[in-house]
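# Structural description and commentary
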Amino acid sequence: MMLPTARVIEFWRNASDSDIFWSFKRSKLVMLSALIVVVFFIGAFGAPWLAPHNPFDLASLELSDAFKPPFWVEGGEAKYILGTDDQGRDLLSTIMYGSRISLVVGFMSVVFAMTLGIGLGLVAGYLGGAADSLIMRIADVQLSFPAILIALLVDGVTRGILGEARHSDFAEAVLVVAIGLSYWVQYARTVRGSVLVEKNKEYVQAARVIGLSGPLIAIRHVLPNVLGPVLVIATINLALAIITEATLSFLGVGLPPTEPSLGTLIRIGNDFLFSGEWWITIFPGIVLAALVLSVNLLGDWLRDALNPKLR
Amino acid sequence: MSSPKLLEVRNLRVEFPTRRGTLVAVDDVSLDISAGEVLGVVGESGAGKSMTGAAIIGLLEPPGRIAAGEIRLEGRRIDNLPYHEMRKIRGRQIGAIFQDPLTSLNPLYRVGDQLVETIQTHLPLNQAQARARAVKLLEDVGIPSASERINAYPHQFSGGMRQRVVIALALAAEPKLIIADEPTTALDVSIQAQIIQLLKRLCREHGTAVMLVTHDMGVIAETADRVAVMYAGRIAEIGPVQDVIKRPHHPYTVGLMGAIPAMGHKVERLTQIDGSMPRLNAIPKGCAFNPRCPKAFDKCFRDRPEPMPAGTSQAACWLVQEPAHV
Amino acid sequence: MIAFIIRRLVQAALVMLAVAFIAFAMFNFVGDPVAIMAGQDLPAEQRIELRKSLGLDDPTPVRFARFVGNAVQGKFGLSYRTAEPVGKMIVERLPATLELSVMAMIVALAVGIPMGVFSGLYPQHWLSRAMMTVSLIGISLPTFLIGILLILIFAVMLGWLPSFGRGDVIRIGGWSTGLLSVSGWKAIILPAITLGLFQMTLIMRLVRSEMLEVLRTDYIKFARARGLSNRAVHFGHALKNTLVPVITITGLQLGSIIAFAIITETVFSWPGVGLLFLQSVQAVDIPVMAAYLVAIGLLFVLINLIVDILYFVVDPRLRSQSAKAGAK
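Residues numbered from 1 in each chain as written. Chains lettered and ligands numbered in written order. Predicted model: local features only at pLDDT ≥ 70, side-chain atom pairs only at ≥ 80, totals over all residues. Heavy atoms only, no water.

### Description of the overall build of chain B
Here is the rule: Secondary structure elements are taken from DSSP: a helix is a run of H or I of four residues or more, a strand is a run of E of two residues or more, and numbering for both begins at the N terminus. To get the radius of gyration, use the C-alpha atoms; to get the globule rule, take the number of residues to the power 0.38 and multiply by 2.2 Å. For the exposure calls, accessible area comes from a 1.4 Å probe over protein chains only, and a residue counts as buried if that area is under 20% of its type's maximum, exposed if over 50%, partly exposed in between. Here, residues are in contact when the closest pair of their heavy atoms is within 4.5 Å. Computed with a 1.4 Å probe, the accessible areas rest on the Shrake-Rupley method; for each residue, only the protein chains presented here act as cover.
A tally of helices and strands in chain B yields 13 helices and 12 strands. The C-alpha atoms of chain B give a radius of gyration of 21 Å, which matches the 20 Å a tight globule of 326 residues would have. Each of the three principal axes of chain B carries a C-alpha extent, and together these read 65 × 50 × 45 Å. Within the span of chain B, comprising 326 residues, buried residues form 51% of the whole. Of the contacts made within chain B by residues no fewer than 6 positions apart, 62% connect residues no fewer than 24 positions apart. Carbon together with sulfur atoms contributes 52% to the accessible area of chain B, which is approximately 14,800 Å² in total.

Given below as structure tokens:
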């Protein structure tokens, strides 16, 4: 057994020699994407310390400050670099806080989808038989419906069960479940496929011979082998989850205006597009687009780097 | 060397620029084919024989390119023709047959349509005439009930039958030369001989010359008039087929001949050449064969031999000049 | 062929049954229809009376059978929100969504296929590279952002095109069309582009990669060796082989276009079923949600069926395979 630190050093030594690192350094676009993602993370998670204002501090809001344009436009103030929204919240700060919400919801949904998908995939692949066909049939049917539709249905159903008031209290959790439920299929399929392949390999047979239980074998031996492809799916899914969250919030079934994500901000701004207050929509839109594009580029690159055959 | 040559290849060099430097797939190859003649080209895979064929017909896969040399068809230079000029030569003057009949035909088109399309591209025939010619061609290559089968799709033919269709397509516009690249390799052994016989018969009837690329010395011995032995992108030996087989001059040819089981002789075991052909990015200095050559001497490691007359053949080997080392 | 279609039909029926069950479950386990329909102040006896008259106390299989029976006739009850018959609401709004979706698909195919062919034939050309970059943006940008951007440019800044509604609608029988008036055509341009853009980039990338793949095949090399013209090789041999997978994707994407119309219809206030569905989700109007789910499910299943049959017509290899399978 190697010490953890030694393993980390070893990992980095291998990584910096590897093709992955080489292809990373080669592509300026990928490096730029990584930079955008890092800046975004710092901005989003450092929002409480870095943001110039606290948009959730209702006491500091002045309605007379509403609809201020960005500072370089006539009527703008240096205090509000990107201007303010309809309630007088500083747009830059709101975007930073909103990005944090978008990211958290995105991450949580990916984790939820991944856990569900890996679990069901392991069960389907390992047990086979009726459990396998049931899970995979459900997956087939679900895959033929677009994710956004599933997410909307889940949202509507939970709204019905929880009631309107409690639904907005649990808005984030509902979103995570709704988005997670619409993206589990890909993980389940990948994991099931790998389990079917690994199941018959000698090391798994050997583990069975020495009396390890089925679930233990699945988790200890099979799981590590499928983590590569699962990670690639997760990266690309993160972009999808962020888009889905933004879309749901834009459609008005996601996060409420009191707790705005990027999508909610764009929705708010959309109402004022015709009266000339373009910045409320455009800035969150640019941030969302840049983030999704960067994550997509990183995901593409990761897929190519991990699996040269797919190129 | 007196009769006018159909095809002349002079000092042909084919290069592949890659990320790790330029690979020379064909290096300084010169050969001739006379009208109606069958030239066999043998060598291991990667020896440059298919590349030579592809260069002649102008279908090198990019980034591969002709870096030096000339190719002349009936005295006219064709290696530097623009694409649309070369296109008129392909199929009309030079036909081609590829290795795998299963993948040479477009699966979504009836074989008749593929034939008619080829015929009408090159010959001034109307639809009905072209169709009649297509049926005739299919009959010639031995496809039973050709007038019905002309409406079939490729997947409805067996492998051997498909290769017959491919031959019909190659002959559709009566080219003067056919480049047949491993035409039987993908086929069942029992069918290989039939296809070779068919190709040989048809070319004799039509007076078509053939450049037969193969790694099968047996096929060459049976079919070719002359043979070129290629090694690591170069010609090792070229000459009349019987002379090369019976009196090989290049040690590589000697080794190749040792690998053919001779009929009627009781041979305990076939000899084989030790080692393998060098990779294109690691061709040794001097003679490319020197690491495997049992008779290599100091000059072989220093200077590269050009093909030089050796009896009725030509061989790129210093032993021809310095028989003392034999 | 017939055996193949029957097998597909059975599969389709099973999928529909599953979809119907989900819709039924939504009806029965989400909220209390009596409370929603009658409000909270109804006396208890009348409440029980209403439950009985709605058949809510019957055993589940009976209720499911009744649900399916009604669904087949297009009866999904009354909307909780507007108290209109749900079937009628959907049928009235379906033409708007279908016209928008078909126009979007036409935009996607008409632009996507030529772009894909070009960038497949000349992958090194600067125009191909530009198209690939733009398509990456097209795939990454959320639909609603594209819609907003188009509105900002063409409706707000330039004022050329309307940003909401269908324009003047003309009724022909049960179908209301916006394609017979100038304002209708003007109104459909922006939504159709918004909805079609994602599919367009998808089709372009698919055609491109298929084209690159096909151009590497032996039969293309052989077609060149036969001296066929570039046009015959590219547009006859290569394109036909490229289009086989494109048909599948196009068919499947038509389904998701109809579902994605939810977003576009919201951005452009387009009076279709997507907007109706969204309003129903916000109002927890279960009957409309259930009916929409069943309707979309039916569309998907039908499209899948048509795609399978089309595939069959295009690819002779499949025909003979099933002939062999049928003979057995």
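### A short note on the environment of alanine 188 of chain A
Residues and elements named next belong to chain A. By secondary structure assignment, the location of alanine 188 is in helix α10 (residues 184-199). Distance from alanine 188 to threonine 115, taken between C-alpha atoms, is 9.3 Å for residues 73 residues apart in sequence. What alanine 188 contacts, discounting residues up to four positions off in sequence, is Gly117, Gly121 and Met136.

### Things to note about the pattern of salt bridges
Residue and element names in this part refer to chain B. What counts is decided by this rule: Any carboxyl oxygen of Asp or Glu that lies within 4 Å of a side-chain nitrogen of Lys or Arg is treated as forming a salt bridge with it.
Scanning the entire structure with this criterion turns up 25 salt bridges over all chains. When the shortest N-O distance is used, the salt bridge between arginine 72 and glutamate 70 registers 3.0 Å. On the accessibility criterion, glutamate 70 (25% relative accessible area) is partly exposed. Across the pair arginine 247 and aspartate 243 runs a salt bridge whose closest N-O atoms are separated by 3.2 Å. Owing to a relative accessible area of 15%, aspartate 243 belongs among the buried residues under this scheme. A network of salt bridges, in which partner residues are shared, links Arg13, Glu15, Asp27, Arg65, Arg234 and Arg304.

### Topic: helix α7 (residues 143-157) of chain C
All names here are of chain C. The line we're drawing: Working rule for helices: expected span equals 1.5 Å times residues minus one.
Helix length check: α7, at 15 residues, gives a terminal C-alpha distance of 20 Å against a target of 21 Å (1.5 Å per residue), a fit within 8%. All buried positions along α7 are accounted for by Thr143, Phe144, Leu145, Ile146, Gly147, Ile148, Leu150, Ile151, Leu152 and Ala155. With its phi angle positive at about 65°, glycine 159 sits one or two positions after the end of α7.

### Topic: the nonpolar core
Let me state the cut-off plainly: What we call a nonpolar core is a set of buried Ala, Val, Leu, Ile, Met, Phe, Trp, Tyr and Cys residues that are connected through their side-chain atoms within 4.5 Å. Domain start and end points were adopted from an automatic or database domain assignment.
Within the largest apolar cluster, 119 residues are counted, with the highest numbers of intra-cluster contacts made by Leu152 and Leu288 of chain A together with Phe144 and Phe277 of chain C. Counting residues per element, this core draws most heavily on helix α12 (residues 214-251) of chain A, which supplies 16 residues. Per-domain counts for this core show at least three residues from each of domain 1 (2-72) and domain 2 (87-327) of chain C. Beyond its immediate chain neighbours, meaning those up to four positions away, phenylalanine 277 of chain C contacts Leu149, Leu152 and Leu153 of chain A together with Ile262, Met289 and Tyr292 of chain C.

### Let's talk about the confidence of the model for chain A
Defined as follows: Known as pLDDT, the predictor's per-residue confidence is scaled from 0 to 100.
Looking at chain A, pLDDT values average 76 and 80% of them are 70 or higher. Between the elements of chain A, mean pLDDT differs from a low of 51, seen in helix α1 (residues 4-17) of chain A, to a high of 87, seen in helix α5 (residues 91-127) of chain A.

### What to know about the environment of aspartate 85 of chain A
Residue and element names in this part refer to chain A. Looking at where aspartate 85 falls in the secondary structure, it is placed in the loop between α4 (47-50) and α5. Using a relative accessible area of 0% as the deciding quantity, one classes aspartate 85 as buried. Note: C-alpha distance between aspartate 85 and proline 69 (16 residues apart in sequence) is 8.8 Å.

### A look at the sheet that holds strand β3 (residues 38-42) of chain B
All names here are of chain B. For clarity, the cut-off: Strand pairing requires that DSSP identify at least two bridges connecting the strands. All axes are obtained by fitting lines to C-alpha atoms, using only the stretch in contact for helices, and the reported angles, taken between N-to-C directions, cover 0 to 180 degrees.
Ordered in space as β6-β7-β8-β3-β9-β10-β12-β11, the eight strands form an open sheet in which the pairing is mixed. In this open sheet, the two edge strands, each paired with only one partner strand, are β6 (94-97) and β11 (308-310). Looking at each pair of strands side by side, their axes are set apart by 20° on average, direction ignored. Bridge count for β3 against strand β8 (residues 209-214) is five bridges, and the pairing is parallel. Bridge pairing in β8 places valine 42 opposite threonine 214. Together, β3, β6, β7 (177-181), β8 and β9 (226-231) form the strand contacts of helix α1 (residues 49-57), whose direction differs from that of β8 by roughly 145°. Across the sheet, helix α7 (residues 159-171) touches β6 and β7, and the angle it forms with β6 is around 170°.

### A short note on the sheet that holds strand β2 (residues 21-34) of chain B
All names here are of chain B. Pairing is antiparallel across the open sheet formed by four strands, whose spatial order is β2-β1-β4-β5. Every interior strand has two partners, whereas the edge strands, β2 and β5 (76-77), have only one. In this sheet, β2 lies alongside strand β1 (residues 5-18) in antiparallel orientation, the contact comprising 10 bridges. Across the sheet, residue lysine 5 finds its bridge partner in β2, namely serine 34. Where α1 meets the sheet, it contacts β1, β2 and β4 (65-73), and its direction lies at approximately 110° from that of β1.

### Description of unusual backbone geometry
Residues and elements named next belong to chain B. Unusually for a residue other than glycine, serine 145 sits at a positive phi of about 40°. The backbone of glutamate 174 shows a phi angle near 50°, a positive value even though the residue is not glycine. As for its placement among the helices and strands, glutamate 174 is situated in the loop between α7 and β7. With relative accessibility at 37%, the residue glutamate 174 sits in the partly exposed group.

### Observations regarding the packing of aromatic side chains
In plain terms, the rule: Pairing of aromatic side chains here covers Phe, Tyr and the six-membered ring of Trp, requires ring centres within 6.5 Å, and sorts the geometry by plane angle: under 30 degrees stacked, over 60 edge-to-face, intermediate tilted. Both a distance and an angle decide whether a charge sits over a ring: NZ of Lys or CZ of Arg must be within 6 Å of the ring centre and within 35 degrees of the ring normal.
In this structure the tally under the stated criterion is 14 aromatic pairs over all chains. Ring geometry for phenylalanine 41 of chain A against phenylalanine 45 of chain A: centres 5.9 Å apart, planes inclined by 50°, an arrangement best described as tilted. Of the two residues, phenylalanine 41 of chain A and phenylalanine 45 of chain A are both situated in helix α3 (residues 28-45); the distance of four residues between them amounts to about one turn of the helix. Here phenylalanine 41 of chain A falls in the partly exposed class, since its relative accessible area comes to 29%. Plain terms: the ring middles of tyrosine 231 of chain B and phenylalanine 289 of chain B are 5.1 Å apart, the flat faces sit at 85° to each other, and that makes the pair edge-to-face. Taken together, the residues span a long stretch of sequence, with tyrosine 231 of chain B in strand β9 and phenylalanine 289 of chain B in the loop between α11 (251-258) and α12 (298-302) at a distance of 58 residues. Each member of the pair, tyrosine 231 of chain B as well as phenylalanine 289 of chain B, carries the same accessibility label: buried. Chaining the aromatic ring pairs together yields one cluster made of Phe41, Phe45 and Phe107 of chain A. If you follow arginine 149 of chain B out to its NZ or CZ, it ends over the ring of phenylalanine 157 of chain B, 4.3 Å from the centre. Above the plane of the ring of tyrosine 109 of chain B lies lysine 240 of chain C, whose end atom (NZ or CZ) is 4.9 Å from the centre.

### Concerning the interface of chain C and chain A
Convention followed: Two parts placed together each lose some accessible area under a 1.4 Å probe, and adding up what both lose gives the buried area. Contacts described as polar in this section are N or O atom pairs within 3.5 Å, which, within protein, must combine one atom able to donate a hydrogen with one able to accept it, while residues neighboring in sequence count only if both atoms come from side chains.
Chain C puts 37 residues into the contact, and the matching count from chain A is 38 residues. Buried area between chain C and chain A, summed over both chains or domains, comes out near 3,100 Å², and the portion from carbon and sulfur atoms is 85%. At the junction of chain C and chain A, the tally comes to zero salt bridges. For the pair chain C and chain A, the number of links is one residue pair in polar contact (both at pLDDT 80 or more).

### Description of the pairing of β7 of chain B
Residue and element names in this part refer to chain B. For β7, the buried fraction is high: five of the five residues fall into the buried class. By the alternation rule, side chains of β7 split into Leu177, Ile179 and Asp181 and Ile178 and Ala180, which are all buried. With four bridges connecting them, β6 and β7 associate as parallel partners. Bridge pairing links glycine 95 to isoleucine 178 in β7. One ladder, built from five bridges, connects β7 with β8; its direction is parallel. Paired with isoleucine 179 across the two strands is methionine 211, which belongs to β8.

### Some words on the state of the cysteines
The condition is simple: Two cysteine sulfur atoms make up a disulfide if the distance between them is within 2.5 Å.
All chains considered together, the criterion is met by zero disulfides over all chains. With no disulfide partner, cysteine 293 of chain B has as its closest neighbouring cysteine sulfur the one in cysteine 300 of chain B, 6.1 Å distant.

### A few points about helix α6 (residues 129-143) of chain A
Over its 15 residues, α6 of chain A extends 21 Å from the first C-alpha to the last, a length consistent with the 21 Å expected when each residue adds 1.5 Å. Along its buried surface, α6 of chain A packs onto α5, α7 (147-162), α9 (171-182) and α10 of chain A.

### Let's talk about the side chain of glutamate 182 of chain B
Residues and elements named next belong to chain B. As for its position among the elements, glutamate 182 is in the loop between β7 and α8 (189-206). A relative accessible area of 7% means that glutamate 182 is categorised as buried. Once you skip the residues sitting within four places of it in the chain, glutamate 182 turns out to touch Lys49, Gln99, Val213, Thr214 and His215.

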